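Results of the structural survey
Now for the letters of each chain:
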Amino acid sequence: MRVVRIGGADADTDPREAFEEAAELLRAGRLVAFPTETVYGLGAHALDERAVQRIYEAKGRPSINPIIVHVADRDAARALSADWTPTADVLARTFWPGPITLVVRKRDVVPDIVTAGRDTVGLRVPSHPVALALIQRAGLPIAAPSANLSTQVSPTTAEHVVRGLGDRVDLVLDGGPTTVGIESTVVDATGAVARVLRPGMISLEDIAALTGAAEAAADDADAAPRSPGLVGRHYAPRARLQLFPPERRWSAVSTARDERAQERRVGAMVFSTLGLDFVTEHVMPSDPGAYARSLYATLHALDEAGCDLVLVERPPSRPEWTAIIDRLERGGATP
Ligand code: TXA
Ligand code: MG
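Residues numbered from 1 in each chain as written. Chains lettered and ligands numbered in written order. Predicted model: local features only at pLDDT ≥ 70, side-chain atom pairs only at ≥ 80, totals over all residues. Heavy atoms only, no water.

**Points about the pairing of strand S16 (residues 309–313)**
Of all five residues that make up S16, five are buried, and the element is covered over most of its length. Across the two faces of S16 the burial is the same, with Leu309, Leu311 and Glu313 and Val310 and Val312 all buried. In terms of strand pairing, strand S13 (residues 240–244) meets S16 through five bridges, oriented parallel. When the sheet's bridge partners are listed, Phe244 is paired in S16 with Glu313. (Buried < 20%, exposed > 50% of the residue type's maximum accessible area, 1.4 Å probe, protein only. Helix = DSSP H or I, 4+ residues; strand = E, 2+ residues; numbered from the N terminus. Pairing = 2+ DSSP bridges.)

**Some details on the pairing of strand S7 (residues 120–124)**
S7 sits mainly inside the fold: five of its five residues count as buried. Neither face of S7 is exposed, since Thr120, Gly122 and Arg124 on one face and Val121 and Leu123 on the opposite face are all buried. In this sheet, S7 lies alongside strand S4 (residues 69–70) in parallel orientation, the contact comprising two bridges. Bridge pairing links His70 to Arg124 in S7. Relative to S7, strand S6 (residues 100–106) runs antiparallel, the two being bridged by four bridges. Opposite Val104, over in S7, you have Val121 as the bridge partner.

**Here we look at the environment of Thr211**
Considering the arrangement of structural elements, one finds Thr211 in helix H8 (residues 204–211). Since its relative accessible area comes to 26%, Thr211 is described here as partly exposed. Put simply, Thr211 and Thr85 are 126 residues apart on the chain and 12 Å apart in space, counted from C-alpha to C-alpha. Not counting residues up to four positions away in its chain, the partners in contact with Thr211 are Val90 and Leu91. (Contact = heavy atoms within 4.5 Å.)

**Observations concerning the sheet that holds strand S14 (residues 266–270)**
Paired through their backbone hydrogen bonds, the strands of a sheet run either parallel or antiparallel. Strand order in the open sheet made by the four strands is S13-S16-S14-S15, with parallel pairing throughout. Taken across any chain shown, the strands that pair with only one partner, and hence form the sheet edges, are S13 and strand S15 (280–283). Going from strand to strand, the sheet's axes swing by 20 degrees on average, the running direction of each strand aside. Direction of pairing for S14 relative to S16: parallel, over a ladder of four bridges. When the bridges of S16 are listed, Val266 appears paired with Leu309. Running over the sheet, helix H9 (residues 249–261) touches S13, S14 and S16 and is turned about 175 degrees from S16. (Axes fitted to C-alpha atoms, helices over the stretch in contact; angles between N-to-C directions.)

**Things to note about the packing of aromatic side chains**
Centre distance and the angle of the planes are the two values used to describe a pair of aromatic rings. The full count for this structure, using the stated rule, is four aromatic pairs. An angle of 40 degrees between the planes, with centres 5.7 Å apart, marks the rings of Phe271 and Tyr291 as tilted. Separated by 20 residues along the polypeptide, Phe271 in the loop between S14 and S15 and Tyr291 in helix H10 (residues 288–304) bring together distant segments of the chain. Since its relative accessible area comes to 24%, Phe271 is described here as partly exposed. Residue class for Tyr291 comes out buried when judged on its relative accessible area of 0%. With 5.2 Å between their ring centres and 80 degrees between their planes, Tyr291 and Trp321 make a pair best called edge-to-face. (Phe/Tyr/Trp six-rings, centres within 6.5 Å; stacked < 30°, edge-to-face > 60°.)

Laid out in structure tokens, this is it:
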């Protein structure tokens with residue numbers, strides 16, 4: 001595995017060389033991790049079954065979970081879609097390039113392995129310049145899930161990718177920390193009403209304001225009803241997450257003391273300090289965009305610090321926090 005820094009004063013090489021090397025690897029069916037504005041993706045040639053198979057193997061991903069295909073622009077998306085609906089078109093025109101994935105009927109060129117046998121495909125035009133340059137250089141649609149082992153916290157830096165995947169990936173393009181910080185909004189755009197399958201920083205309300213109506217449906221494969229024995233947690237740190245509402249800080253403080261008494265390491269993600277010196281505490285931003293940007297790096301850091309329990313002050317129940325609360329809950333947070 002090789003890491004190449006792109007951009008910034010400490011860039012490793014001429015970026016054109018790095019993109020050429022990455023494009024060459026993708027064409028040869030190898031795996032390249034790259035930054036998007038949301039999280040780092042683990043990319044492969046989307047139309048090459050063997051290459052996509054490698055993604056599932058590298059992540060230990062269940063083969064029932066479909067992979068998002070990243071394309072350069074709306075025309076490239078339409079080329080993979082058997083039914084480009086008005087819903088898809090208005091969302092694409094408004095939000096692409098950007099952190100929204102549109103699920104539409106697929107054309108036959110998209111291999112079944114990408115869509116886990118479904119007749120729909122998730123398509124996205126990312127806005128990160130490194131992602132766009134890579135797609136253009138490779139001249140390919142790039143299938144890319146988040147570049148982490150299945151069920152673990154998504155990577156927002158190249159270091160996270162290296163720590164999680166190591167030699168399972170051939171090349172990592174390091175474009176610095178990502179700016180959105182949590183995964184794209186996934187929207188079923190096959191019908192007249194947009195259905196949000198996975199919330200993201202483009203909210204249901206943003207979508208409804210545009211299309212007139214939109215509905216929530218926890219129907220993406222990550223959130224599919226769980227059978228016993230199937231992996232239960234997603235986006236999960238090693239530590240157990242416990243949410244507490246702001247008015248119950250006193251109870252969080254007493255939980256922290258109890259845990260410490262039992263020699264467990266306690267972390268906290270709060271909006272103002274709990275004032276306990278034995279707690280590995282992260283005071284989180286009160287702005288949702290800034291919170292999302294630092295969320296996964298904070299979870300990675302709390303795991304590094306060896307926390308057993310992380311007390312999380314519950315963010316406000318407002319639309320702009322929906323996706324963040326969703327990720328905390330998928331990370332195992334319980335009230
Ligand atoms: O921001 C993102 O979406 C990142 C970056 C790399 O683009 N990618 C990402 O991929 O989060 P992944 O594989 O970790 O999550 C993809 C989500 C899953 O919940 C999957 O079930 C859903 O999108 N998905 C993909 N294709 C779908 C389809 N055809 N129908 C329903 N859900 C789909
Ligand atoms: Mg993922």
